[in-house]
Structures are given as structure tokens and as C-alpha cells.
Amino acid sequence: MILDLCLFDYPANRSGVNYEIIDEYFSRLQNIQDKIWAITLYEENPQSSIPLLQQMYDYIKEKWGGFRLYQFMGAEVPFSQYETLSADGYVVDPYALTQTDFEHYMDPIVEAGKQVVNIIYMAIESGYYYGDGHTWIGQIPYCYKNSIWTVIYAYYYRGLFQPRGTIPDLINRGYGGELKDKWTDILKARTYLLTGHIE
């Protein structure tokens, strides 16, 4: 599993490092360390958070070693703003980028040579991010080609929306176009499903 933790004193504006919370979390996580692939230090962190993220990384590595710490970068913020930040891997979620823009965004991250995890937004109202509702399809071939792990974020509101269907269902209904007959290959790209619901 990849675990996302909020380790800021004030999460809303990402200020301060809560060392007490860090020690509490990691003292407990040691017992299941073999089940955790990596940990991110909160989500979609802007460039302004880099000094604190570096403090967290250094502190955790020195005191709690052994855990992989992935940096979860701000959506669509150029990698050049993060490349000096220590990281064992990266998590990104550039939901709204077209295929061409996505490839330009991802190329320098891939070239850094560390594991990358891409989150694709596929909730029922994905048109909010994508306009046509399925721009995400253009991200899958790139992830497959570059061995990028892909997490599908597909929450839904219970009683209000129903999921649009499984990924194979969507592809078979034509959303995937040229990918329609490549589902078996796409699975090899290590695609994972991240789901949840809001009561």
C-alpha cells in the first residue's frame, strides 16, 4: 500500500511540521512496515511547502529509516520546481492535462529515474476535470510504456451517483477508442483502483 499522511501543524495552509504526530504515526507503522510500499507527506504539495517537506523527509529518514518516502507534487506544477527535493519516488495527479501536455509534464519526472505513481480521476463527475469526461484515456498508454504505476481514483456519493462502470466496461463501451482491444496489456501496467465513498 501507499499511505498518505498529513504531517503539517496546520494542514489547510501547510505550515509547521508536527514532529509529535510524525513520531506517533511512525512508531505504530513500524509494526506493519512490510505491508507499506511507500508513504507520501500529504497530497498536492505546492512549491511553497518544499522547505517543510525536506525537513520532514530528513527527520523521518534519520529517526525512522527504512520507509520509502514519495513526494506528492502539486497538480500540474513543473517538476523543475521539485527536482532538488529529496524523494524516493513521486506521486502526481495532473487530472486535466491532454495527452500531449501530460507527456511533456511527465517526461522530466520519468527521466529522474525514480518510481512514479500517477493518479487518474475517474469519479462519476470526471467531466468536471476533463470536459469530455474521458481525457484520462490518453494518459494510460504513456504510463504503460514508461512503467508508471497508475491509481484510479473513483469515489462516488452513495445514493446520489453510481459508478460509471469498471475500467474494462468503460473501454468496451468505446471510451478507450484504440485501447479497446488492449485491456490485457494495460493491466500489465500495474494499474490499481483507489475507491471510496461519502455517506
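Quick caveat: nothing in here was measured; it's all calculated off a predicted structure. For every chain, the first residue of the written sequence is number 1, and numbering continues from 1 along that sequence. Per-residue local features are limited, in this predicted model, to residues with pLDDT of at least 70; the limit for side-chain atom pairs, both in listing and counting, is 80 or more; totals at the level of whole chains, interfaces and linings are taken over all residues. Hydrogens and waters are ignored; side-chain quantities use all the structure's heavy atoms.

Draft legend 1. Representation of the overall build of the protein within the structure. Counting from the N terminus, the helices are DSSP H or I runs at least four residues long and the strands are E runs at least two residues long. The number of helices and strands found in the protein is seven helices and 11 strands. Across the 199 residues that make up the protein, the buried fraction comes to 42%. Sequence-distant contacts in the protein: of pairs separated by 6 or more residues, those separated by 24 or more amount to 70%. Approximately 10,500 Å² of the protein is accessible, and the part contributed by carbon and sulfur atoms is 50%. Partly exposed describes any residue whose relative accessible area lies between the buried limit of under 20% and the exposed limit of over 50%, with all areas from a 1.4 Å probe on protein chains only and scaled to the type maximum. In what follows, a contact means two residues having at least one pair of non-hydrogen atoms within 4.5 Å. Per-residue accessibility takes into account occlusion by the displayed protein chains alone, with areas from the Shrake-Rupley method and a 1.4 Å probe.

Draft legend 2. Representation of the packing of aromatic side chains in the model. Whether two aromatic rings pair depends on their centres lying within 6.5 Å, for rings of Phe, Tyr and Trp, where Trp uses its six-membered ring; planes under 30 degrees apart make the pair stacked, over 60 edge-to-face, and the rest tilted. Using the criterion set out here, one finds five aromatic pairs in the structure. Here the aromatic rings of Phe26 and Phe67 are separated by 5.0 Å at their centres, their planes lie at 85°, and the arrangement is edge-to-face. On the criterion of sequence distance, the pair formed by Phe26 in helix H1 (residues 19-29) and Phe67 in the loop between helix H2 (50-64) and strand S5 (69-72) is long-range, its members being 41 residues apart. An identical accessibility class is assigned to Phe26 and Phe67; each is buried. Ring geometry for Phe102 against Tyr142: centres 5.6 Å apart, planes inclined by 80°, an arrangement best described as edge-to-face. Of this pair, Phe102 sits in helix H3 (residues 99-111) while Tyr142 is found in helix H5 (residues 140-145), placing the two residues 40 residues apart along the sequence. One exposure class covers both Phe102 and Tyr142, and it is buried. Definition used: whenever NZ (Lys) or CZ (Arg) falls within 6 Å of the ring centre and also within 35 degrees of the ring normal, the charge is taken to sit over that ring. Here the guanidinium or amino end of Arg68 rests over the ring plane of Trp37, the centre of that ring lying 3.6 Å away.

Draft legend 3. Broad picture of the pattern of salt bridges. Take a side-chain nitrogen of Lys or Arg and a carboxyl oxygen of Asp or Glu: if they are within 4 Å of each other, that pair is a salt bridge. What the rule picks out here adds up to four salt bridges. The partner of Arg28 in a salt bridge is Glu24, with the nearest N and O atoms 3.3 Å apart. Here Glu24 and Arg28 lie together in helix H1, a separation of four residues that amounts to about one turn. The salt bridge involving Lys61 is made with Asp88; its shortest N-O contact spans 2.8 Å. Separated by 27 residues along the polypeptide, Lys61 in helix H2 and Asp88 in the loop between S5 and strand S6 (89-92) bring together distant segments of the chain.

Draft legend 4. Structural detail: the environment of Leu3. Following the sequence through the fold, Leu3 ends up in strand S1 (residues 2-5). As a C-alpha pair, Leu3 and Leu69 span 66 residues in sequence and 9.6 Å in three-dimensional space. The residues contacting Leu3, other than those within four sequence positions of it, are Leu29, Ile36, Ala38, Ile39 and Thr40.

Draft legend 5. The arrangement of H3 in detail. Each helix should span, by expectation, one fewer than its residue count multiplied by 1.5 Å. The terminal C-alpha atoms of H3, which comprises 13 residues, lie 18 Å apart, in line with the 18 Å expected from a rise of 1.5 Å per residue. Within H3 the residues assigned to the buried category are Phe102, Tyr105, Met106 and Ile109. For H3, the elements touching its buried residues are S6, strand S7 (115-121) and H5. Gly113 occupies a position one or two residues after H3 and carries a positive phi of about 85°.

Draft legend 6. View of the environment of Thr100. With respect to the secondary-structure elements, Thr100 resides in helix H3. Judged by relative accessible area, Thr100 falls into the partly exposed class, the value being 46%. A C-alpha to C-alpha distance of 8.4 Å links Thr100 and Gly138, two positions 38 residues apart in sequence.

Draft legend 7. View of H1. Ile22, Asp23, Phe26 and Leu29 are the residues of H1 that are buried. Looking straight down H1, one finds its buried side chains confined to an arc of 135°; they lie on one side. In H1, the exposed residues that point more than 90 degrees away from the buried face are Glu20 and Arg28. Those residues of H1 that are buried lie in contact with S1, strand S3 (15-17), strand S4 (38-41), H2 and S5. Nitrogen and oxygen atoms within 3.5 Å of one another constitute a polar contact, given that in protein one can donate a hydrogen and the other can accept it, and given that sequence-neighbouring residues count only through two side-chain atoms. At the N-terminal boundary of H1, the capping side chain belongs to Asn18, with an oxygen 3.3 Å from the backbone nitrogen of Glu20. In this context, the arc is that of the directions from the helix axis out to the C-beta atoms.

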